[in-house]
Amino acid sequence: MSRGLPMRSHWQEPFLWIHAAGILLFPLWIGLTVIGLATGDPLLPVGVEQAAVAVAGIGPVLAMQWRKPFNVFSLWVVAFPPEELSPDQRRILAAFVSPEHRILTVLAAFLLLEVLERLYDLAPLFAPLTPGDGSRLAGLVIAALGFWGANVFLQIPLAVARVLFLSDLELAQIDPIPAEEIESRFSSFGTRHNLLLQRLLRRLARIPTNHKAGVETGLEPKSPGPASSAKTATP
């Protein structure tokens, strides 16, 4: 008997795994942050510099994940048409606007504040990797950009991980987000007009090209109308 976690049906959604894999980029953004903090000599008091980097890095991502979570059925360059998502996929989206999601978002923000404080203390060790005449202001901008990326690639994978660990029963009890509300309640980045990327997304989501809102993928033949019934009637 297998002692591993029981398989969930939503584990078959490739979009969830794509965004969960974003955690692999987290160390790269942390590295950029510490390089920025190591550039130049301190220009402002320690608390002021830390606060500036924290606000620029945490603020936008925290606001997005709290108010309009990232739409996991989109990639950074292309967004999937909401009307083509199945009810189960819209249930997955609904899990990202739950109170548990917001609690996790706040906890992750506090964790990253602690990480930033440790990075600031360690930054002098990385000074040899920076330009000797580097501007402190430029370094703080780089640090803020890196810390923003670290927030994105921690917050979104953590939120996805929470949804992945929901059981099928827990997910089935969630009401699906109406398709017409997805754009107003979720943040999607990218265009919906790139046909090549749209085909790629449809393949990933296992949705046929002619799928329309309210139509399931397993279509049943339409019942014959009066005219066709008359043609097939036995004389």
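Procedures and definitions
- Residues numbered from 1 in each chain as written.
- Predicted model: local features only at pLDDT ≥ 70, side-chain atom pairs only at ≥ 80, totals over all residues.
- Heavy atoms only, no water.
- Axes fitted to C-alpha atoms, helices over the stretch in contact; angles between N-to-C directions.
- Helix = DSSP H or I, 4+ residues; strand = E, 2+ residues; numbered from the N terminus.
- Left-handed = near helix turned anticlockwise from the far one by under 90°.
- Contact = heavy atoms within 4.5 Å.
- Nonpolar A, V, L, I, M, F, W, Y, C, P; charged D, E, K, R; others polar.
- Expected span 1.5 Å × (residues − 1).
- Buried < 20%, exposed > 50% of the residue type's maximum accessible area, 1.4 Å probe, protein only.
- Polar contact = N/O pair within 3.5 Å; in protein donor to acceptor, adjacent residues only side chain to side chain.
- Patch = residues over 30% accessible without salt bridge, like charges linked within 9 Å, V, L, I, M, F, W, Y side chains within 5 Å.
- Areas by Shrake-Rupley, 256 points an atom, 1.4 Å probe, with all protein chains shown as cover.
- Salt bridge = Lys/Arg side-chain N within 4 Å of Asp/Glu carboxyl O.
- Core = buried A, V, L, I, M, F, W, Y, C linked by side-chain atoms within 4.5 Å.

A. Broad picture of the packing of helix H5 (residues 99-122) against helix H6 (residues 136-164). At their nearest, the axes of H5 and H6 sit 10 Å apart, and the two run at 145° to each other. In this structure, the crossing between H5 and H6 has a hand that is right-handed. Only Arg136, Phe147, Asn151, Leu154, Gln155, Leu158, Ala159 and Arg162 of H6 make contact with H5, whose side of the interface consists of Glu100, His101, Leu104, Thr105, Ala108, Ala109, Leu111, Leu112, Leu116 and Tyr120. Considering only residue class, the contact of H5 with H6 consists of 11 nonpolar, four polar and three charged.

B. View of H6. End to end, H6 covers 42 Å across 29 residues, agreeing with the expected 42 Å (1.5 Å per residue, within 8%). Within H6, 21 of the 29 residues are buried, which leaves it mostly tucked inside the rest of the structure. Of the residues that open H6, the one with a side-chain oxygen 3.3 Å from the backbone nitrogen of leucine 137 is serine 135.

C. Focus on a nonpolar patch on the surface. Taken together, the side chains of Leu43, Leu44, Val48, Leu137 and Val141 define a hydrophobic patch exposed on the protein surface, amounting to about 470 Å² of accessible area. Following the sequence through the fold, leucine 44 ends up in the loop between helix H2 (26-38) and helix H3 (46-67). Classification of leucine 44 by relative accessible area gives partly exposed; the value is 41%.

D. Geometry of H2. The terminal C-alpha atoms of H2, which comprises 13 residues, lie 19 Å apart, in line with the 18 Å expected from a rise of 1.5 Å per residue. Along H2, the positions that sit buried rather than exposed are Phe26, Ile30, Thr33, Val34, Gly36, Leu37 and Ala38. Those residues of H2 that are buried lie in contact with H3, H5 and H6. Backbone geometry just downstream of H2 places glycine 40 in the positive-phi region, at approximately 75°.

E. Representation of the nonpolar core in the model. Ranked by internal contacts, the top residues of the largest apolar core, which has 30 residues, are Leu16, Val72, Phe73, Ile92, Leu93, Phe96 and Val160. When residues of this core are traced back to their parent elements, those giving at least two are helix H1 (14-20), H3, helix H4 (87-94) and H6. When residues of this core are assigned to their parent elements, the largest contribution, seven residues, is made by H6. Setting aside anything within four residues of it in sequence, one finds phenylalanine 73 in contact with Glu13, Phe15, Phe80, Leu85, Gln89, Ile92 and Leu93. Among the nonpolar cores identified, the runner-up in size contains 19 residues, and Val34, Ala38, Leu112 and Phe147 belong to it.

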